[in-house]
Amino acid sequence: MKKSDLFAMAWQNLRNRKTRTRLTIAGVVVGTFAIIIMVSIGIGIDKMITSQYKADSTLNKISVYSMGDYTNENGEIQQAMPFDDSAVSYFSKIDKVKAVVPTLEISQYAKISRGKYTYSSTIYGIPLKEMEALGYKTEQGDFRKAGEKNACLAGKDTVTSFYDVQGNPPKYKYDSDYNVTDCELDLMKDSITISAKNQNSDSSDSYNSSTSIDQNGQSNSTNQQENGGVQKLNIIGTLKQTSNDYESSSAMYIDLDKAKQIVAQSNRLSSVKNYKLQYSSISVYCNDAKDVAQVKKELQSKGYSCSTDDEGLQQQKKVMRVVQLILGAIGAVSMFVAAFGISNTMVMSVFERTKEIGIMKVLGCDIKDIKDMFLYEAGIIGLFGGTIGIIISYIISIIANLVAKQVMSGMVDASSGVKICVSSIPLWLAILGIAFSVAVGVLAGLSPANKSVKVSALTAIHNE
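Quantities reported herein were computed from a predicted structural model and do not represent experimental measurements.

Peer 1: Help me understand the confidence of the model for the chain in this model?
Peer 2: A low pLDDT means the predicted coordinates there should not be read in detail. In this model, the chain carries an average pLDDT of 81, and 84% of its residues clear a pLDDT of 70 or more. Under a pLDDT of 50 for its full length, residues 203–226 has, in the predicted model, 50 contacts with residues more than four places off or in other chains.

Quick look at the structure:
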């Protein structure tokens, strides 16, 4: 018997039992829908996290740190590798490296003040002209003034890190998006000063030094012995916070050359001799993200500690893969129940069509064709149920994403390229869902199909 004839017979048999067929297909629809939606939630959230991470990260960047003196694989103590300008020069010569940007933390060497308030968080020296190219973005101001004298960039929440001598911060409020508002300090407008610290003095003494700035931007300090020459900072902008760099929200950034000058001043005030410059970290930018692994391996082989933004992304992807498996397993329970429905429908069909099976055998119909006819019926149920389940899944997915965009629009910065997505059904998932439904249908129909070929023709006719 031709396959087309078998398919036509299977189709007609299902149409003859419309109510039972529809109920069985409905079970498969629910099972397929449950699996697809559950997996799509995991995929959608993974996509949203990935887009957020890529918007906030530079995947071709390697953050390099000094390991200090360390013990190698042979148990030998190795001296710390250079982490100064010679290291920057060496990193720049590595194949597939595009740019090298050093960072110098000077919090212990510098004091930043505004009136009675003194800044108490992290101060970095970094080539300000390079920051825009490195992926930093401004919330206020811009990078065009990065080359101006005493230029400085501040984190969006930097004002919360200023304290008076009693340890009280300035008055401020948070809005509904947890942004600082109504603060008595305005970094973009107020006169903010910077000076070198005497590292040997009590930090409380520096709070009490009163400082004024003349019209040329120079200091008239009453405590010059405790602090170096005080100069007015030129705040050119505030930085946007990224999801993977919370420290930058309260840090302050000045130009690297200015930072070196302040460190030198602080060391002179503190009578520090034989000081050797050591950068806090050095950022190495590769030509492409695919070159990161090779460059990172070479740096680590030379005794440097390295980290990449991609490491965090891969860790998150591992977590999301586990979440997807759990969600898929939950949805699979519904399909497991639907499989029982298909099996039950086919068993009932075998019992109801015992005479038909007997007549087919008497007429010389191949046993394999009889078995295939029942398998075709089970497969058609799976095919229709899976297809309808996929269509419903797409509709629910679209609605869920539209609702999510309305609810989460205020939580996510759309200008950064982050896509709000709580459910995503790629083509491969839709095809896999239909194939899985057909496979479940056929497997559920195997036992009834095998039962049908064991029916005795004479007994079947006699019983009917």
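Peer 1: Can you help me understand the pairing of strand β15 (residues 234–239) in this one?
Peer 2: Consecutive side chains along a regular strand alternate between the two faces of the sheet. The element β15 is extensively covered by neighbouring structure, given that five of its six residues are classed as buried. Pairing of strand β8 (residues 138–141) with β15 involves three bridges; the strand directions are antiparallel. Each residue of the ladder has a partner; that of Gly 141, found in β15, is Gly 237. As defined by bridge partners, strand β9 (residues 151–155) adjoins β15 across five bridges and the pair is classed as parallel. Paired with Ala 154 across the strands is Thr 238, a residue of β15.

Peer 1: What is the right way to read helix α6 (residues 292–301) from this model?
Peer 2: Residues spaced three or four apart along an α-helix face the same direction, because each turn holds 3.6 residues. Within the sequence span of α6, burial applies to Val 292, Val 295, Lys 296 and Leu 299. On an axial view of α6, the arc spanned by its buried residues comes to 100°, and they lie on one face. Exposed and oriented more than 90 degrees from the buried face of α6 are Ala 293, Lys 297 and Ser 301. Gly 303 occupies a position one or two residues after α6 and carries a positive phi of about 100°.

Peer 1: Just checking my understanding: could you explain the sheet that holds strand β5 (residues 110–114) for this structure?
Peer 2: The strands making up a sheet associate through backbone hydrogen bonding, with each pair oriented either parallel or antiparallel. One open sheet accounts for five strands, arranged β10-β6-β5-β13-β14; its pairing is antiparallel. Two strands close off the open sheet at either side, each with one partner strand: β10 (162–163) and β14 (231–232). Judged from the two bridges that link them, β5 and strand β6 (residues 117–119) form a sheet pairing that is antiparallel. Paired with Arg 114 across the two strands is Tyr 117, which belongs to β6. Where helix α5 (residues 256–269) meets the sheet, it contacts β5, β13 (193–196) and β14, and its direction lies at approximately 50° from that of β13.

Peer 1: Looking at this model, I keep getting lost on the packing of aromatic side chains. Mind explaining?
Peer 2: Think of a pair of aromatic rings as described by two things: how far the centres are apart, and how the planes are tilted against each other in angle. Going through the model one piece at a time under the given rule, you end up with 10 aromatic pairs. Taken together, the aromatic side chains of Phe 83, Tyr 90, Phe 91 and Tyr 304 make up a single cluster linked through ring pairs.

Peer 1: Looking at this model, I keep getting lost on the packing of helix α1 (residues 3–16) against helix α9 (residues 367–408). Mind explaining?
Peer 2: When two helices pack together, their arrangement is given by the angle between their axes and by how far apart the axes lie. The N-to-C vectors of α1 and α9 enclose an angle of 60°; their axes lie 9 Å apart at closest approach. Taken as axis vectors, α1 and α9 run oblique relative to one another. As α1 packs across α9, the resulting crossing turns out to be right-handed. Residues Lys 3, Leu 6, Phe 7, Met 9, Ala 10, Trp 11, Asn 13 and Leu 14 of α1 form the contact with α9, whose own contacting residues are Lys 368, Asp 369, Asp 372, Met 373, Tyr 376, Glu 377, Ile 380, Ile 381 and Phe 384. Looking at the contact of α1 with α9, its residues break down into 11 nonpolar, one polar and five charged.

Peer 1: Help me understand the layout of surface pockets in this model?
Peer 2: Rolled over the atoms, a probe with the dimensions of a water molecule shows which regions are left empty. Considered as a void within the structure, the second largest pocket measures approximately 260 Å³ in volume. Lining the second largest pocket are 16 residues, with Gln 140, Lys 156, Val 159, Val 180 and Thr 238 sitting closest to its centre. When contributions to the lining of the second largest pocket are tallied by element, the ones reaching two or more residues are β8 and β12 (180–181). Class assignment for the residues of the lining of the second largest pocket results in six nonpolar, five polar and five charged.

Peer 1: Just checking my understanding: could you explain unusual backbone geometry for this structure?
Peer 2: Residues other than glycine predominantly adopt negative phi, and peptide bonds predominantly adopt the trans conformation. For Ser 271, which is not glycine, the phi dihedral falls at a positive 55°. Relative to the elements of secondary structure, Ser 271 occurs in the loop between α5 and β17 (281–286). One non-glycine residue, Asn 274, lies in positive phi territory at about 55°. With respect to the helices and strands, Asn 274 occurs in the loop between α5 and β17. Taking the relative accessible area as the measure of exposure, Asn 274 reaches 81% and is therefore exposed.

Definitions and cut-offs
- Residues numbered from 1 in each chain as written.
- Predicted model: local features only at pLDDT ≥ 70, side-chain atom pairs only at ≥ 80, totals over all residues.
- Heavy atoms only, no water.
- pLDDT = per-residue confidence, 0-100.
- Contact = heavy atoms within 4.5 Å.
- Buried < 20%, exposed > 50% of the residue type's maximum accessible area, 1.4 Å probe, protein only.
- Helix = DSSP H or I, 4+ residues; strand = E, 2+ residues; numbered from the N terminus.
- Pairing = 2+ DSSP bridges.
- Arc of directions from axis to C-beta.
- Axes fitted to C-alpha atoms, helices over the stretch in contact; angles between N-to-C directions.
- Phe/Tyr/Trp six-rings, centres within 6.5 Å; stacked < 30°, edge-to-face > 60°.
- Parallel < 35°, antiparallel > 145°, perpendicular 65-115°, else oblique.
- Left-handed = near helix turned anticlockwise from the far one by under 90°.
- Nonpolar A, V, L, I, M, F, W, Y, C, P; charged D, E, K, R; others polar.
- 1 Å grid on protein atoms, 1.4 Å probe; cavity = no way out; pocket = protein on both sides within 12 Å on 5 of 7 lines; lining within 4 Å.
- Points joined across faces, edges and corners; volume = space filled by probe spheres on them.

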